[in-house]
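Structural overview for review
The residues making up each chain are set out below.
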Amino acid sequence: MSMTEKLKMLDRRDFTSLYAYPDLDKELGGLVGLICGDCLGVAFEFHSPNDLPHAEMIDMVPPAGFNRSHADVPPGTWSDDSSQALCLLASLLDRGKLDLDDFAGRLWNWMEFGYLAVDRQVFDVGIQTERAIRRLQDGISPERSGGVTEMDNGNGSAMRVLPMALWHHGSDEELVRDAHRQSLPTHGHPRSQVVCALYCLVARGYLANHPSPWEWADHRLESIYREWSANDGRDALAAELAIVRDFRIRSKPNGSGYVVDTLWSAKKAMESDTFESVAKASVLFGNDCDSTAAVSSGLAGIRFGLRGIPEVWLHQLRGFDVAESIVEGMIDHLRNHRRTAEIRS
Ligand SMILES: [Mg+2]
């Protein structure tokens, strides 16, 4: 590569500049995959699958004449899914642990002031999330601000949880506990917590190149719950895990905003064998396209790596400047951990 080409590359401030960290291809792939899936789905969300273009026409820029959602939002702009995921990651990196007050404060800052939103424009807020943030503003603690009825199981806490798995170096049990807790500010029902935990374990399985990450995560979660006491909510969590599993057997994934459907729709999409086809398959379920695609594409990004994401999509993503310092923080965090682990071994 000539010096001019190198300088040109350095000057190109977009997500492809993360190619400079090939040792973190899976972790960066996960984070950027989530963002990329979210951005891809934004224009198509709320449409039924029958109203969507064919797979080859699903792209960051929707085909001409398509009645796109959020028509005033430029293509390549992420929505609530990525903003909240970045809020979680920024909080974990700043605090060095899950600090629910800090995290909830960032969610509030996002909804009210566009913190970690591209152009500071907030255009896609879930009903349960908005209600919960209003409760935070009324002085309710983040442990209790999220809805706790069965109807409060939208995918709002699962769509953002992936950074927890990317950041975490604790035991599987500690990861499960933190995945649960990060759900509370907006989604307090145990079903949402179980899906967040299961999804984080699946992500950990992909990070470790496990041959069957979904099966491994399922068994792991069951055995973790089994060891908990009744005070930990063991019985309720085990019952919810049974409901989550049952959906997979009895229902067809259809990309709705129901957290359990989102998880299994993402798993179905992950049967595809490239990042691009996973992301498109997620959008093609219709309905909550951006969140389904965020959840599946985060995993696909881990599986196929940053290099597996179409380069043209990385160029089309907006908001690199918004995410850059947080991504750099994640790179430092992961490299420091590796260095420490090497010294110890
Ligand atoms: Mg969204």
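Higher on the page you've got the structure.
Below, the structure is looked at part by part. Because the structure is a prediction, the values reported are computed rather than measured. (Residues numbered from 1 in each chain as written. Predicted model: local features only at pLDDT ≥ 70, side-chain atom pairs only at ≥ 80, totals over all residues.)

1. Overview of the overall build of the protein chain
To keep things clear, this is the line we draw: By definition, any uninterrupted DSSP run of H or I lasting at least four residues is a helix, any uninterrupted run of E lasting at least two residues is a strand, and each is numbered from the N terminus. Radius of gyration means the value over C-alpha atoms here, while the globule rule gives 2.2 Å times the residue count to the 0.38 power. Buried, partly exposed and exposed are defined by the number of other C-beta atoms within 10 Å of a residue's own C-beta, namely 20 or more, between the two limits, and 12 or fewer respectively, with C-beta atoms placed from the backbone. Contact between two residues is assigned whenever their backbone-derived C-beta positions fall within 7 Å.
Each helix and strand counted, the protein chain has 15 helices and zero strands in total. For the protein chain, the C-alpha radius of gyration of 19 Å lies close to 20 Å, the compact-globule estimate for 345 residues. Overall, the C-alpha framework of the protein chain stretches about 65 × 55 × 45 Å when taken along its three principal axes. Within the protein chain, buried positions represent 50% of all 345 residues. Within the protein chain, counting contacts between residues at least 6 apart in sequence, those at least 24 apart form 73% of the total.

2. Quick notes on the nonpolar core
Quick note on the threshold: A set of buried residues drawn from Ala, Val, Leu, Ile, Met, Phe, Trp, Tyr and Cys, joined through C-beta atoms within 7 Å, is what defines a nonpolar core.
Among the nonpolar cores identified, the biggest contains 95 residues, and Leu198, Tyr199 and Cys200 are the most heavily contacted of them. Ranked by residue count, the leading element in this core is helix α8 (residues 190–207), at eleven residues. Cys200 has contacts with Val161, Met164, Ala165, Leu175 and Ala179, leaving out every residue within four places of it along the chain.

3. So, the packing of α8 against helix α13 (residues 289–304)
Under the convention used in this document: Geometry is summarised by axes, namely lines fitted to C-alpha atoms with helices restricted to the contacting stretch, and by angles between N-to-C directions that run from 0 to 180 degrees. In this scheme, roughly parallel covers angles under 35 degrees and roughly antiparallel covers those over 145, while 65 to 115 is roughly perpendicular and the rest are oblique. Definitions for this section: a left-handed crossing has its near helix turned counterclockwise from the far helix by less than a right angle. A right-handed crossing has that turn clockwise. Polar here means any residue outside two lists: the nonpolar Ala, Val, Leu, Ile, Met, Phe, Trp, Tyr, Cys and Pro, and the charged Asp, Glu, Lys and Arg; Gly therefore counts as polar.
As a packed pair, α8 and α13 sit with axes 9 Å apart at the nearest point and diverge in direction by 15 degrees. It follows that α8 is roughly parallel to α13 by the angle criterion. Seen from above, α8 lies across α13 with right-handed handedness. Together, Val202, Ala203, Tyr206 and Leu207 of α8 and Leu299, Ile302 and Arg303 of α13 make up the contact between the two elements. When its residues are assigned to classes, the contact of α8 with α13 shows six nonpolar, no polar and one charged.

4. Side note on the packing of helix α4 (residues 100–113) against helix α5 (residues 127–137)
Two measures define how a pair of helices packs: the angle their axes make with one another and the distance between the axes. Between α4 and α5, whose axes approach to 10 Å, the crossing angle comes to 115 degrees. Put simply, α4 runs roughly perpendicular to α5. When you trace α4 past α5, the crossing you get is left-handed. For the pair α4 and α5, contact is made by Ala104, Leu107, Trp108 and Met111 and by Glu130, Ile133, Leu136 and Gln137, respectively.

5. Topic: helix α2 (residues 25–42)
For clarity, the cut-off: By definition here, a helix of n residues has an expected span of 1.5 Å times n minus one.
Helix length check: α2 (18 residues) gives 25 Å between terminal C-alpha atoms against 26 Å at 1.5 Å per residue, within 8%. With 17 of 18 residues buried, α2 is to be regarded as a mostly interior element.

6. Some details on unusual backbone geometry
With phi around 60 degrees, Leu116 is a residue other than glycine that occupies positive phi space. Tracing the sequence through the fold places Leu116 in the loop between α4 and α5. Among the residues examined, Leu116 registers 24 C-beta atoms within 10 Å and is labelled buried. Even without glycine at this site, Arg120 takes up a positive phi of about 55 degrees. Within the secondary structure, Arg120 is located in the loop between α4 and α5.

7. Considerations on helix α12 (residues 275–283)
Burial analysis of α12 places eight of its nine residues in the buried class, which makes it a mostly covered element. The set of residues buried in α12 consists of Phe275, Glu276, Val278, Ala279, Lys280, Ala281, Ser282 and Val283. On its buried face, α12 sits against α2, α11 (259–269) and α13.

8. Describing the environment of Gln128
By the secondary structure assignment, Gln128 is in helix α5. Under the C-beta neighbour-count criterion, Gln128 is labelled buried, with 24 such atoms within 10 Å. Separated by eleven residues in sequence, Gln128 and Ala117 place their C-alpha atoms 19 Å apart. Excluding its chain neighbours within four sequence positions, the residues that come into contact with Gln128 are Gly147, Asp152, Gly154, Gly156, Thr186 and His187.

9. Overview of the environment of Lys268
Inspection of the secondary structure assignment puts Lys268 in helix α11. Once the C-alpha coordinates of Lys268 and Arg248 are considered, the two residues, 20 residues apart in sequence, prove to be 10.0 Å apart.

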